[in-house]
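# Reading the structure
Each chain is listed here by its residues.
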Amino acid sequence: MWEYSDKVQEYFFNPKNAGTLEDASGVGEVGAIACGDALKLMIKVDPESERITDARFQTFGCGSAIASSSALTEIIIGKTLDEALKITNQDIADFLGGLPPEKMHCSVMGYEALRAAVANYRGEVWEDDHEEGALLCKCFGIDEGMIERAVRNNGLTSMEQVAHFTKATGSCGTCVEGVEAVLEKTNAEMVAEGLLDPAQAFVMGAVPVAPGRQQRKSPVAPPAPASSRMTTVQKIRVIEEVLEELRPALRNDGGDCELVDVEDNRVMVRMTGACVNCQLAAVTVQGIQGRLAERLGMPVRVIPVPAGK
Amino acid sequence: MKAVYLDNNATTRVDPAAVAAMLPFFTEQFGNASSMHAFGSEVGGAVLKGRRQLQALLGAQFDHEIVFTGGGTESDNTAILSALETQGARNEIVTSAVEHPAVLALCAWLEKSRGIKVHYIGVDARGRLDVEAYRKALSPRTAIASIMWANNETGTIFPVEMLAELAHEAGALFHTDAVQAVGKIPMNLKETAIDMLSLSGHKLHAPKGIGALYVRRGVRLRPLIRGGHQERGRRAGTENAPGIVALGVAAELAQQHINDENTRVRAMRDRLEQGLLQRIGNSFVAGDVENRLPNTANVAFEYIEGEAILLLMNKAGIAASSGSACTSGSLEPSHVLRAMKVPYTAAHGAIRFSFSRENTDEDVDHVLEVMPGIIARLREMSPFWDGKNAGQSGFAPTYA
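Residues numbered from 1 in each chain as written. Chains lettered and ligands numbered in written order. Predicted model: local features only at pLDDT ≥ 70, side-chain atom pairs only at ≥ 80, totals over all residues. Heavy atoms only, no water.

## Regarding helix α2 (residues 63–76) of chain A
One turn of the α-helix equals 3.6 residues, which is why residues spaced by three or four share an orientation. Which entries qualify depends on this criterion: Numbering of helices and strands starts at the N terminus; helices are DSSP runs of H or I of at least 4 residues and strands are runs of E of at least 2. One less than the residue count of a helix, multiplied by 1.5 Å, gives the span that helix is expected to have. The cut-offs for exposure are 20% and 50% of the maximum accessible area for each residue type, with area from a 1.4 Å probe on protein chains only; residues under the lower value are buried, those over the upper are exposed, and the others partly exposed.
Taking 1.5 Å per residue, 14 residues should reach 20 Å; α2(A) reaches 20 Å between its end C-alpha atoms and fits that length. Judged by how many residues are buried, α2(A) sits mostly within the fold: 13 of 14 residues are covered.

Structure, rendered in structure tokens:
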């Protein structure tokens, strides 16, 4: 049995806004009966203010699909179209007090239905990019298509990189073999298409030619010109800003992160709360490092220091 | 609220008599059956008694044809892996597309890791095995044919006695996963050509963690688990004496109740099924209604999804199960219903009700009372249900 939050149960057993909407101004239909879930979202929009005045849903699907659909209507009623489009699937999941990892796609369905309904209202064509590949990493709800896309778009050639870009394999690790197979297959396709040097391609069980290759291009390289003009105080300000942006996501998982010190391009942080002893802390640190490097315009190394130091 | 348990193909309540019988083997009679002292010998006697009780239920010729294991999955693995070792150059497997994962996942692994050729025999819309395809798949290369006695999702019974004879004609061994059939339909193995049979205790009111593999005398067996002389060297590891004692008692009880199972239990199942079909439109029974386990009903409700149905049923105190994708976290609905070509409009909404001798007529009344409301409520919410399709089923098995 799934561990459904009280809110999911509440919205499943007593869904709000279920049914059809007479004279809807926009209708979005996503999913298919073959996939096991489908959602038809109907919205009524005030043309003057572009505000969603009413919304109804019809859902074919499991408990969390129905709860997510109902939650979506509750979230968007009263919002302008532009405000509503800022909502992500995570907002829907958060509204429901979280969803089991295997059920995150239910919130994605809500996110897509909203886009489809708004596109329909605006007379645009909406493209369904709903992935139907097999769910590989159950801990994070990553399917084959997502891994393929990440591998292609970013030229990934190692399992380590895949974990950093998609989180897949980052928790329990039981999907390692499945993810390896996708990486191997995608790399082979890229080689065939001339997009990847065969020597770089990932081969299951083979020793990497140059372990770690590109991604370890010494994070402690000389500072880039842009950042060399930054004073330490300016750097700290940017770092604090970035950490502030990341904080909600960390807190969401029960953790937090604070800046301890900055020395040249070394950023010392203290991971607290659930981040302590979290087996994914390394992934989180990598994520912070990437974001900082991007905003500071220079390579940085984020070093977690033990609590209390 | 009264709880109605109709998920006995998933697991059963251990019969209180089986519990009472096994308890002393945790406390006073804790000995190791292999030991050369009184503590051991009295346990050894109890293990033999359990073996004989199970032998009687199966109609096996000899008590030593019973090898106790940790359960149905272990028995299936032992049988198939053993055949690949003892059958010389024969290295192909013939099985069905609707087997339990204990067989299917093993076969998939053998294909991938050892390059073993596996023939998956299909079924028709009623779930009946394509016997002609089975016959054609058997060859001098077949090491073993493994076909379940009864399907866990639909209850459909396969003609295993005949299938075993066909396998022998091709010189292959025949194994059957009878986990759902044992205790529900009468068996007399000594009269059949079946070489190996798997069963699991917890499906017949014995505890989890105990099962058995029947191995006909003369059939060579390579153990899956090595390390000791127990079970005549065919399954190493100290005997699970409490489990064996309980399984023996459960087997005896099953034999006593087998008539009840095929009369009273069958009647309850039929009343539930007919009642549901009468009260709820766009629904049908999946499986071979003429040749089924007496306790299983698989009813598919169109245009709604199984997990949502189960959650509402659970709220009404009814426990059943579904082959829907959402309950397992996969994207595909039940491989059994897909093999029967049940359309997606119904495959996601199939509910399995499985009875045991512990169910009552009141249970059936309760389910018949609440199910129509649950189905109507979910259909009202479904984008595929608009009233126009009411009465026009997308799937009409010939018997419906």
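## A closer look at the packing of aromatic side chains
Going by this rule: Side-chain rings of Phe, Tyr and Trp, where Trp is taken by its six-membered ring, are said to pair if the distance between their centres is within 6.5 Å; with planes under 30 degrees apart they count as stacked, over 60 as edge-to-face, and otherwise as tilted. Criterion for a charge above a ring: Arg CZ or Lys NZ at most 6 Å from the ring centre, at most 35 degrees from the ring normal.
Summed over the entire model, instances satisfying the criterion amount to five aromatic pairs over all chains. Ring plane angle 75 degrees and centroid distance 5.6 Å describe the contact between A:Tyr11 and A:Phe95, whose orientation is recorded as edge-to-face. Here A:Tyr11, found in helix α1 (residues 6–13), pairs with A:Phe95, found in helix α4 (residues 89–95); they are 84 residues apart in sequence, far enough to count as distant. Ring plane angle 40 degrees and centroid distance 5.5 Å describe the contact between B:Phe30 and B:Phe39, whose orientation is recorded as tilted. On the accessibility criterion, B:Phe30 (53% relative accessible area) is exposed. Positioned above the aromatic ring of A:Phe13, the side-chain terminus of B:Lys315 is 4.2 Å from the ring centre. Of note, B:Arg338 hangs over the ring of B:Tyr344, and the distance from its end group to the ring centre comes to 3.7 Å.

## Things to note about the environment of A:Glu241
For A:Glu241, the location among the structural elements is in helix α10 (residues 232–252). It is 9.7 Å that separates the C-alpha atoms of A:Glu241 and A:Arg295, two residues lying 54 residues apart in sequence.

## Section: the side chain of A:Thr186
Residues and elements named next belong to chain A. Test applied: Contacts described as polar in this section are N or O atom pairs within 3.5 Å, which, within protein, must combine one atom able to donate a hydrogen with one able to accept it, while residues neighboring in sequence count only if both atoms come from side chains. Two residues form a contact once any of their heavy atoms are found within 4.5 Å.
Note on placement: threonine 186 falls in helix α8 (residues 176–192). Of note is the side chain of threonine 186, whose polar atom sits 2.6 Å from the backbone oxygen of valine 182. Sequence-distant contacts of threonine 186, defined by excluding residues within four places in its chain, comprise Glu148, Val151 and Arg152.

## A few points about empty space enclosed by the protein
All names here are of chain B. The condition is simple: Buriedness of a pocket was judged along seven lines, with at least five required to meet protein on both sides within 12 Å; pockets are open sets of points on a 1 Å grid over the protein atoms alone, cavities are sets where a 1.4 Å probe fits but cannot get out, and lining residues have an atom within 4 Å of a point. Grid points are joined across faces, edges and corners, and a volume is the space filled by probe spheres set on the points. Under the scheme applied, nonpolar residues are Ala, Val, Leu, Ile, Met, Phe, Trp, Tyr, Cys and Pro; charged residues are Asp, Glu, Lys and Arg; polar residues are all the others, including Gly.
Tallied over the full model, the rule gives two cavities of 30 Å³ or more. Roughly 90 Å³ of internal volume is contained in the largest cavity. Taken together, Thr12, Val182, Gly183, Lys184, Lys203, Leu204, His205, Ala254, Glu261, Phe355, Ser356 and Arg357 form the lining of the largest cavity. Considering only residue class, the lining of the largest cavity consists of four nonpolar, four polar and four charged.

## What about the sheet that holds strand β6 (residues 255–263) of chain A?
Residue and element names in this part refer to chain A. Which entries qualify depends on this criterion: We treat two strands as partners when DSSP finds at least two bridges between them. Axes here refer to lines fitted to C-alpha atoms; in helices the fit is confined to the stretch in contact. Angles between the N-to-C directions go from 0 to 180 degrees.
Spatial strand order, β6-β7-β8: three strands in an open sheet with mixed pairing. Bordering the open sheet on either side are β6 and β8 (301–304), each of which pairs with just one other strand. Adjacent strand axes in the sheet meet at a mean angle of 30 degrees when their direction is disregarded. Judged from the four bridges that link them, strand β7 (residues 266–273) and β8 form a sheet pairing that is parallel. Across the sheet, valine 269 pairs through a bridge with proline 304, a residue of β8. On the sheet, α10 packs against β6 and β7 and is oriented at approximately 165 degrees with respect to β6.

## A few points about the confidence of the model for chain A
Residue and element names in this part refer to chain A. Note the following rule: Residue-level confidence of the predictor is what pLDDT reports, using numbers from 0 through 100.
For chain A, per-residue confidence averages 82 on the pLDDT scale, and residues scoring 70 or more make up 83% of the total. By mean pLDDT, helix α9 (residues 225–228) is the weakest element of chain A at 48, and strand β3 (residues 51–60) is the strongest at 96. Contacts for the low-pLDDT stretch residues 210–226, under 50 throughout, to residues beyond four places or in other chains number 21 contacts.

## Side note on the nonpolar core
All names here are of chain B. Let me state the cut-off plainly: Side-chain atoms within 4.5 Å are what join buried Ala, Val, Leu, Ile, Met, Phe, Trp, Tyr and Cys residues into a set we call a nonpolar core.
Judged by nonpolar contacts, the single largest core of 69 residues is most densely connected at Phe353 and Met371. Per-element tally for this core: the top contributor is helix α12 (residues 361–381), with nine residues. With residues up to four places along the chain from it excluded, the contact list for methionine 371 reads Leu276, Ile280, Phe301, Ile309, Met313 and Phe353. One finds Ala178, Ala181, Ala250 and Ala347 within the second-largest nonpolar core, a separate group that totals 67 residues.

## Some details on the pattern of salt bridges
Pairing between side chains of opposite charge can happen when the charged atoms of each approach one another. All names here are of chain B. Our working definition: Put simply, a salt bridge is a Lys or Arg side-chain nitrogen that is within 4 Å of an Asp or Glu carboxyl oxygen.
Inspection of the entire model under this criterion finds 34 salt bridges over all chains. Among the salt bridges present, the one from arginine 271 reaches aspartate 361, with a minimum N-O distance of 3.8 Å. A residue pair is termed long-range when its members are at least 10 positions apart, and arginine 271 in helix α7 (residues 241–279) and aspartate 361 in helix α12 qualify at 90 residues. Take arginine 271: its relative accessible area is 32%, and that puts it in the partly exposed class. Taking the shortest distance from any N to any O, the salt bridge between arginine 292 and glutamate 273 comes out at 2.8 Å. With arginine 292 in the loop between β9 (283–285) and β10 (296–301) and glutamate 273 in helix α7, this pair connects stretches of sequence that are 19 residues apart. One exposure class covers both arginine 292 and glutamate 273, and it is buried.

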